[in-house]
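Coordinate analysis (summary)
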Amino acid sequence: MMQVVILAGGVGTRIQAMAGGLPKALIPVARRPFIEHQFTLLAKNQIRDVVLCVGHLGHLIEKHVGDGSRWGLRVQYARENPSALLGTGGALVNALPLLQDKFMVMYGDSYLPIDYAAFVRAFEQGHCPAMMSVYRNAEQWDHSNTRVAEGHVVFYDKKATAGTAKFIDYGLTAFRRDLIQRYIGYPVPLDMAIILQDLVKAHALAAWEAPTRFYEIGKPEGLRELETFLNRMDHADTTRHPAIFLDRDGTINEMVYDETHGLLDSPRRPEQVVLIPGAAEFMCHVRRLGYRIVVVTNQPGIAKGTLTLAELEAVNQRLAELLATEGAQWDALYFCPHHPQGWPGFSSPYVRNCDCRKPKPGLLLRATHEHDLDLTKSWMIGDGSNDIEAGNAAKCQTMLITKLKIEQIERFYTLESAVPTVIATNFTEATSIILSAQPL
Ligand SMILES: [Mg+2]
């Protein structure tokens, strides 16, 4: 996805009274610094590369944002001297060493809730070296300043008199890098409006009409409107998530033959961890469908003294690494360290009757509470009857993954609480079952 340049070097004179010594990017809006809302929006639109042009109080922005990885972004900085600002166009010239062949530019104080992929597609399909987003404003949000004809901007003047134009500059523009290169050495401060007006004269500025209004925090009333909008979105975002609860041993990773006790057991050392075929791919698929993945695993070895918490952590770590090499990850992992009897001669605070050891549903219920999950849309998937019982007790749908023959799984059907919603023989089947389940 195309790189985004954010112009965040400005002083923000109109909002200073509310900023309290903060740069505009860090002014709190709906309980978070403004720039975090911009980043979340960009990340949701699959944007990864961001160049932040910083000047006034730029060090505070850098300190807060860092490399942007918290939002899944790669943020680089083009710094300018706060006492000799270059203007919005000059900031782009200054950022040239970081710019890709094509990029989008937006202001550090605007929030533009549009489909960025649609904008990029339109730019890629056009023939102009630049494309400006416009909004059919009709004097609604600010003075209209732009006229559009046949897909091109034919007039653009930030100081246009009221009533002379129908559209307003929406705040997102795409450029080809070579266009900005022509302004190397141009006197500063250089406003981006100069570049845009040059393009209008050359009939080389495409127009893209944004379907929804923009928000900007340059003025206190704009900030309040954005706050109302974000709070509403936030509310919509807190709808609960569907989850796939996954058993660990025998479901995601193979069991290990324990020679000492002559039985199949959980891996105790990282090098014993082997992925079950298809598990990682399944996790990738369902996560893309919007399910949270929560691993729920009984680890009674802790209570029995056959496994330390550090060993368990190392095994989980290895499992996460192996999954990551196939692009998969879980959202959360919950384990039960308890066992009702423990091991003769070993005393442990974990020996007790708990609420979390499957077939009890405690781990699933805790995850549901801590991650806002919707059990009615969730699945518990595992290879054991205790998994199915736990899922049924939590009132989610249940899937037994097993290669056992039907006569061998008869025992599931003697105990009503252990009857799964469906049975799959492998993760390929599991994927199609989830896909054909009711839409989320
Ligand atoms: Mg298992």
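For the structure, see preceding data.
What counts and how
Residues numbered from 1 in each chain as written. Predicted model: local features only at pLDDT ≥ 70, side-chain atom pairs only at ≥ 80, totals over all residues. Heavy atoms only, no water. Helix = DSSP H or I, 4+ residues; strand = E, 2+ residues; numbered from the N terminus. Buried < 20%, exposed > 50% of the residue type's maximum accessible area, 1.4 Å probe, protein only. Polar contact = N/O pair within 3.5 Å; in protein donor to acceptor, adjacent residues only side chain to side chain. Contact = heavy atoms within 4.5 Å. Salt bridge = Lys/Arg side-chain N within 4 Å of Asp/Glu carboxyl O. Donors = N, O, S within 2.8 Å, 3.2 Å for Na, K, Ca; no water. Core = buried A, V, L, I, M, F, W, Y, C linked by side-chain atoms within 4.5 Å.

Excluding glycine, residues mostly have negative phi values, and the peptide bonds linking residues are mostly trans. Residue P189 is bonded to the preceding V188 through a cis peptide linkage, with omega at -5°. Note on placement: P189 falls in the loop between helix 6 (177-181) and helix 7 (192-201). Residue K358 is joined to P359 through a cis peptide bond whose omega torsion reads 20°. Structurally, P359 is set in the loop between strand 18 (332-336) and helix 12 (362-370). Positive phi is not limited to glycine here, since E150 has a value of about 50°. In this structure, E150 sits in the loop between strand 9 (146-149) and strand 10 (152-156). Overall, E150 belongs to the exposed group, its relative accessible area being 80%. Of note in this structure, D372 is not a glycine but carries a positive phi near 50°. With respect to the element layout, D372 can be found in the loop between helix 12 and strand 19 (379-382).

Moving on, we get to the side chain of R248. Tracing the chain through its elements places R248 in the loop between strand 14 (243-246) and strand 15 (256-258). Looking at R248, its side chain comes within polar contact range of the side chain of D249, at 2.9 Å. In terms of polar contacts, R248 uses its side chain to reach the side chain of N316, at 2.7 Å. The residues touching R248, leaving out its near neighbours within four places in the chain, are N253, S266, P267, V295, V296, T297, Q299, L312, V315, N316 and L319.

For the structure shown, the criterion picks out 19 salt bridges. For K201, the salt bridge is made with D198, and the minimal N-O distance between the two is 3.9 Å. Residue K201 and its partner D198 are located together in helix 7, separated by three residues, close to a single helical turn. Judged by relative accessible area, which is 70%, K201 ranks as exposed. Owing to a relative accessible area of 28%, D198 belongs among the partly exposed residues under this scheme. Here D331 and R287 are joined by a salt bridge, their closest N and O atoms 2.9 Å apart.

For the rest of this paragraph, the subject is the coordination of the magnesium ion. Donor atoms from the polypeptide that bind the magnesium ion are D247 (OD), D249 (O) and D383 (OD), placed at 2.1 to 2.2 Å. Each donor residue of the magnesium ion lies on one chain, and together they are spaced D-x1-D-x133-D. Separated by 134 residues along the polypeptide, D249 in the loop between strand 14 and strand 15 and D383 in the loop between strand 19 and helix 13 (385-393) bring together distant segments of the chain. Judged by relative accessible area, D249 falls into the buried class, the value being 8%. When its relative accessible area of 31% is taken as the criterion, D383 is described as partly exposed.

When you line up the elements, T297 lands in strand 17 (residues 292-298). Here T297 falls in the buried class, since its relative accessible area comes to 1%. Polar side-chain contacts of T297 include one of 2.7 Å to the side chain of Q299. The contact partners of T297, leaving out residues within four places of it in the chain, are R248, D249, Y334, F335, C336, K358 and L363.

For the rest of this paragraph, the subject is the nonpolar core. By size, the foremost hydrophobic cluster in this structure holds 51 residues, and its most contacted members are F39, L52, M104 and Y116. Here this core takes six residues from helix 2 (residues 34-44), the largest share from any one element. When sequence neighbours within four positions are dropped, the list of residues in contact with M104 reads M1, M2, Q3, V4, V5, I47, Y116, F119, V120, L172, T173 and A174. V5, L199, A204 and L205 belong to the second-largest nonpolar core, a separate cluster that totals 33 residues.

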